[in-house]
Amino acid sequence: MTTVISSNLGYPRIGENREWKRTLEKFWSGKIDKETFLEDIQKLRLNHLQKQKDQGIDLIPVGDFSLYDHVLDTSVMFGVIPERFEYSDGPVSLDTYFAIARGNQKAVASEMTKWFNTNYHYIVPELNQAEPKITENRPLKFFREAKEKLGINGKPVILGPITYLKLSKGYKPEEFKTLLDKFVPLYITVLQELEKEGAEWVQIDEPILATSLQAEDIEIFKEVYEKLSSSLTKLNILLQTYFEGLDYYQEVVNLPVQGVGLDFVHDEGENLASIKKYGFPKDKVLAAGIIDGRNIWRSNLQAKLELLEDIIESTRIETLFVQPSSSLLHVPVTVKNETKLNSTLVKALSFADEKLEEISLLTKGLSQGKSAVETEITQSATAIEALNQSISRNNTQVRDAIRNLSGFSSDRNSSFKERYKIQQQEFQLPLLPTTTIGSLPQTPEVRKARRAWKNGEWTNEEYDRFVKEQMDEAIALQEEIGLDVFVHGEFERNDMVEYFGEKLGGFDTSSNGWVQSYGSRCVKPPLIYGDVHFIEPMTVKESVYAQSLTDKPVKGMLTGPQTILNWSFVRDDIPRYEVAYQIALALRKEVETLEAEGIKMIQVDEPALREGLPLKQNKWEAYLEKAVYAFRLSTSSVQDSTQIHTHMCYSEFDDIIDAISALDADVISIEAARSHGEIIRTFEEKGYDKGIGLGVYDIHSPRIPEVKEIEDISNRALQVLDPELFWINPDCGLKTRKKDEVVGALKAMVEAAKKIREQAAVSKA
Ligand SMILES: CN1c2c(nc(N)[nH]c2=O)NC[C@@H]1CNc1ccc(C(=O)N[C@@H](CCC(=O)N[C@@H](CCC(=O)N[C@@H](CCC(=O)O)C(=O)O)C(=O)O)C(=O)O)cc1
Ligand SMILES: N[C@@H](CCS)C(=O)O
Ligand SMILES: [Zn+2]
């Protein structure tokens, strides 16, 4: 008989009403002092633990809660603090901790990047000549707190040494082993102290195991985990993987640890297949991640129980943990406050708290027999069936369109070269046209106005008038600055994805379904629950109005199919690519409407195209082919004279440059300011033969760049890119910046463009 234990991997930090975010921001702005801040935060942390306890979770994670980011927590615990923050010794202060994440007067923040293929961002550790040391045994601190305050014997969570180092920068590949040798003894100390304190299990997260690794990496895993294990006598190590199946399944499950956590949701069936083929060591615990930690759909408990029974049958293990497929960090807190969604949809949802309930129910079902949870099994099946049968999932027009996709061309009428000539004629733009990426500052005034409108304090007319006034100001400002191609400013949008979720059919938006994106910044991913379709124009009113104010071209501004898909919670009863095609067809109608209403440049942003890449490289080609097709489906029906732009804000570019070119956009603007060198090298090697704007300044910083800096960065790019095709623009949208920062920076950018044009004219003469 297998013993079954319920477990969790991590709980959302933000609180039911984003209390975490509000407390952090109050502290940062000096509205509360440190003591109040720490008290409020502790209340929240303990409340999260208590909730998990009340939900009947046996193994509750501790130390997963963070004041900003868990990778930063790991760096700070090991004293990995860049020199510019002037840390010397002893405990790391809150000021230093937040300075690394957010920068301060003297030092720029550390870089932030995507956590695997999620929309969560971590702070990249800078290892440059790091001499790591333990500044504080963080997991121990939170293990003690849970025990003392709530009587919980928690499961400390630590980011594993190999994943930590692989996610870091500031060292050469050949230095990896030497660095690891410095960190492993510190991990041993942390674990031994936990053991002494009475911890039974420690969860060591090594999600890097779910990516494409080399055989030598696995050898490193063997060495490291041998060292960790042999230094412990009682503490059990749970080696936790997530987000994909394991290529080196046999090697991983045979590592010298007491338990292995596998993702049975996002692995495309690979982990189960491996278990069936190779078995699972009987003396180890299998921690089965079977409740989706990254999506929000209620589980069919019957199907999940069958899967668990299959796992038990195939392994005959003594102990099984039932748990989510990953930390619940990636899903909102609770469905209970969702009072505005339709009842069919709301019954089919499961956020973090409901997922914990599902885990408890499955544990009970396995331990006490199915009959113990018969009612809940029926309820879950009924809720899911009702959504599947609903009219929203059976839209014949959408289904027919998807069946007949060949009826929609995904090719423009003419080649880029021919279009280029026609568009040059049409727009008469100067050499090196200047533009921005779309959003202008979302000031507190703009957010307040939207809140007033959403709360019913403002009428539609009042809100429309307000948005128009913002556009009047924005167009006048762009005239004054002297830009060549304008934007309307995106003042009407809460978010570049949520906004479309509010307007497209097949989508709904939750009231409180927030998830952390980076630091205190959250996003509210819309819910794609039905067949996606165009209802009415979504952006045309604003674009047409803004265009009416100027003779300069104003770009229509849309978010692309892959990005809408990636930043939404997507139905899981049909393939994701099919949903992307549905979105693409809806966007195609919007593009056609914009064009028909006289908008001659249309930008379709795809910042999440790269983030959506599967973690395993052998799956990239299939993904990219579909993502490129979806983009082309959205944009290809326009006339040759209509200029299609796209934008991507990430700098790792070289490995997907062919796919980017295949989008066949007339102009792409990409983030480049922080990694200009690398990008230029990519173009040196591979070239690029369509319109391109490399970001010439970093929009994440409030700093106003010097004209000379922008000139230099542009001139370097112009050594490898054709000046006839080169655009000058910032890295990304300007919504998070203040107005005066934006004006200063854009004026410098326009000035730099003028100077480069003058130099070009001189050298031509
Ligand atoms: C480009 N990025 C995006 C990603 N994902 C998206 N879905 N969207 C993106 O733009 N992923 C990668 C990056 C991540 N970057 C960011 C940047 C900024 C934010 C951010 O600022 N988030 C805001 C919430 C934004 C929002 O939707 N605001 C609503 C208002 C909601 C609200 O909090 N209202 C307050 C009142 C506000 C007031 O009075 O001033 C309330 O109700 O109490 C809106 O504008 O209507 C954040 O604050 O976290 C996120 C990701
Ligand atoms: N058009 C959007 C793109 C962000 S990636 C903006 O400017 O905010
Ligand atoms: Zn961007």
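Residues numbered from 1 in each chain as written. Chains lettered and ligands numbered in written order. Predicted model: local features only at pLDDT ≥ 70, side-chain atom pairs only at ≥ 80, totals over all residues. Heavy atoms only, no water.

Draft legend 1. The overall build of the protein, seen in detail. Looking only at helices and strands, one finds 27 helices and 21 strands in the protein. In terms of its C-alpha atoms, the protein occupies a principal-axis envelope of roughly 80 × 60 × 50 Å. Of the contacts made within the protein by residues no fewer than 6 positions apart, 79% connect residues no fewer than 24 positions apart. Entry remark: accessible area of the protein is about 30700 Å², with carbon and sulfur atoms responsible for 47%. Across the protein, 92 positive and 119 negative side-chain charges occur, with their mean positions spaced 2 Å apart. (Helix = DSSP H or I, 4+ residues; strand = E, 2+ residues; numbered from the N terminus. Contact = heavy atoms within 4.5 Å. Areas by Shrake-Rupley, 256 points an atom, 1.4 Å probe, with all protein chains shown as cover. Lys, Arg positive; Asp, Glu negative; His and termini not counted. Charge placed at Lys NZ, Arg CZ, Asp CG, Glu CD.)

Draft legend 2. Inspection of the UniProt feature "active site" (unreviewed entry) in the protein at higher detail. When the UniProt feature table is mapped onto this chain, "active site" (unreviewed entry) is found at His700. If you trace the backbone, His700 turns up in the loop between strand S20 (691-695) and helix H26 (707-718). (UniProt positions renumbered as here; feature names shortened; annotations may be inferred.)

Draft legend 3. Broad picture of the site of ligand 2. If you check the shell around ligand 2, you find Ile437, Gly438, Ser439, Glu490, Met496, Met557, Asp605, Pro607, His647, Cys649, Cys732 and Gly733 and nothing else. Backbone polar atom of Ile437 to a nitrogen atom of ligand 2: 3.3 Å apart, as the coordinates give it. At 2.6 Å from a nitrogen atom of ligand 2 is found a side-chain nitrogen or oxygen belonging to Asp605. If ligand 2 stood free it would expose 270 Å²; the protein chains cover 97% of that surface. (Near = heavy atom within 4 Å. Polar contact = N/O pair within 3.5 Å; in protein donor to acceptor, adjacent residues only side chain to side chain.)

Draft legend 4. Geometry of helix H5 (residues 138-150). The end-to-end C-alpha distance of H5, which contains 13 residues, comes to 18 Å, matching closely the 18 Å that a straight helix rising 1.5 Å per residue would cover. When we look at burial in H5, the residues that qualify are Arg138, Pro139, Leu140, Phe142, Phe143, Glu145, Ala146 and Leu150. Lining the buried residues of H5 we find helix H2 (34-54), strand S2 (61-62), helix H3 (70-77), strand S5 (155-159) and helix H7 (176-197). The N-cap of H5, judged by a side-chain oxygen 3.2 Å from the amide nitrogen of Leu140 a few residues on, is Asn137. Where H5 ends, the next residue or the one after it, Gly151, has phi of about 65 degrees, a positive value. (Expected span 1.5 Å × (residues − 1). Buried < 20%, exposed > 50% of the residue type's maximum accessible area, 1.4 Å probe, protein only.)

Draft legend 5. Seen up close, the coordination of the zinc ion (ligand 3). Coordination of the zinc ion (ligand 3) by the protein involves His647 (NE2), Cys649 (SG) and Cys732 (SG), with metal-donor separations of 2.1 to 2.4 Å. Coordination at the zinc ion (ligand 3) comes from four donor atoms whose angles at the metal span 95 to 121 degrees, giving a geometry best classed as tetrahedral. Ordering the donors of the zinc ion (ligand 3) by residue number gives the pattern H-x1-C-x82-C. Taken together, the positions of Cys649 in the loop between strand S18 (643-648) and helix H24 (657-662) and Cys732 in the loop between strand S21 (726-729) and helix H27 (739-764) put the pair 83 residues apart, joining distant regions of the chain. What makes Cys649 partly exposed here is its relative accessible area of 23%. (Donors = N, O, S within 2.8 Å, 3.2 Å for Na, K, Ca; no water. Tetrahedral: all angles 85-135°; square planar, octahedral: opposite > 155°, others 65-115°.)

Draft legend 6. The domain arrangement of the protein, seen in detail. Per the domain assignment, the segments making up the protein are domain 1 (3-82 + 130-390) and domain 2 (398-404 + 419-442 + 481-764). Placing the centre of domain 1 and that of domain 2 at their C-alpha centroids yields a distance of 35 Å. With 39 residues of domain 1 in contact, the opposing surface of domain 2 contributes 25 residues. Taken over both partners, the interface formed by domain 1 and domain 2 buries close to 2600 Å², and the fraction arising from carbon and sulfur atoms is 56%. Remark: the boundary between domain 1 and domain 2 carries six salt bridges. Close ionic contact of Glu244 with Lys616 constitutes a salt bridge, the shortest N to O distance being 3.9 Å. Run the count over domain 1 and domain 2 and you get 15 residue pairs in polar contact (both at pLDDT 80 or more). Secondary-structure elements contributing two or more residues to the side of domain 1 that touches domain 2 are helix H1 (19-28) and helix H14 (374-389). Counting residues per element, the side of domain 1 that touches domain 2 draws most heavily on H1, which supplies five residues. (Domains from an automatic or database assignment. Buried area = accessible area lost by both parts, 1.4 Å probe. Salt bridge = Lys/Arg side-chain N within 4 Å of Asp/Glu carboxyl O.)

Draft legend 7. Inspection of the sheet that holds strand S16 (residues 569-570) at higher detail. Read across the open sheet, the three strands follow the order S11-S14-S16; overall the sheet is mixed. Each of the sheet's edge strands pairs with one partner strand only, and the pair in question is strand S11 (505-508) and S16. Summarising the sheet, strand S14 (residues 527-533) and S16 pair through two bridges and their orientation is parallel. Directly across from Ile528, in S16, lies its bridge partner Val570. Taken strand by strand, helix H22 (residues 576-596) contacts S11, S14 and S16, and its axis lies near 55 degrees from that of S14. (Pairing = 2+ DSSP bridges. Axes fitted to C-alpha atoms, helices over the stretch in contact; angles between N-to-C directions.)

Draft legend 8. Layout of the side chain of Thr23. Here Thr23 lies in helix H1. For Thr23, the side chain forms a polar contact with the main-chain oxygen of Glu19, separated by 2.6 Å. Each residue touching Thr23, except ones within four places of it in the same chain, is listed here: Ile32, Phe37, Asp40 and Ile41.

Draft legend 9. Region of interest: the pattern of salt bridges. In total, this model carries 50 salt bridges according to the counting rule given. A salt bridge links Asp689 to Lys690, with the shortest nitrogen-to-oxygen separation between them at 3.5 Å. Members of the salt-bridge network, linked through shared partners, are Glu244, Asp247, Glu268, Glu270, Lys616 and Lys619.

Draft legend 10. Looking closely at the side chain of Ser714. Relative to the elements of secondary structure, Ser714 occurs in helix H26. Here the side chain of Ser714 touches Ile710 through a polar contact of 2.7 Å, landing on its backbone oxygen. Contact partners of Ser714, with chain neighbours within four places excluded, come to Val696, Phe726, Ile728 and Ile756.

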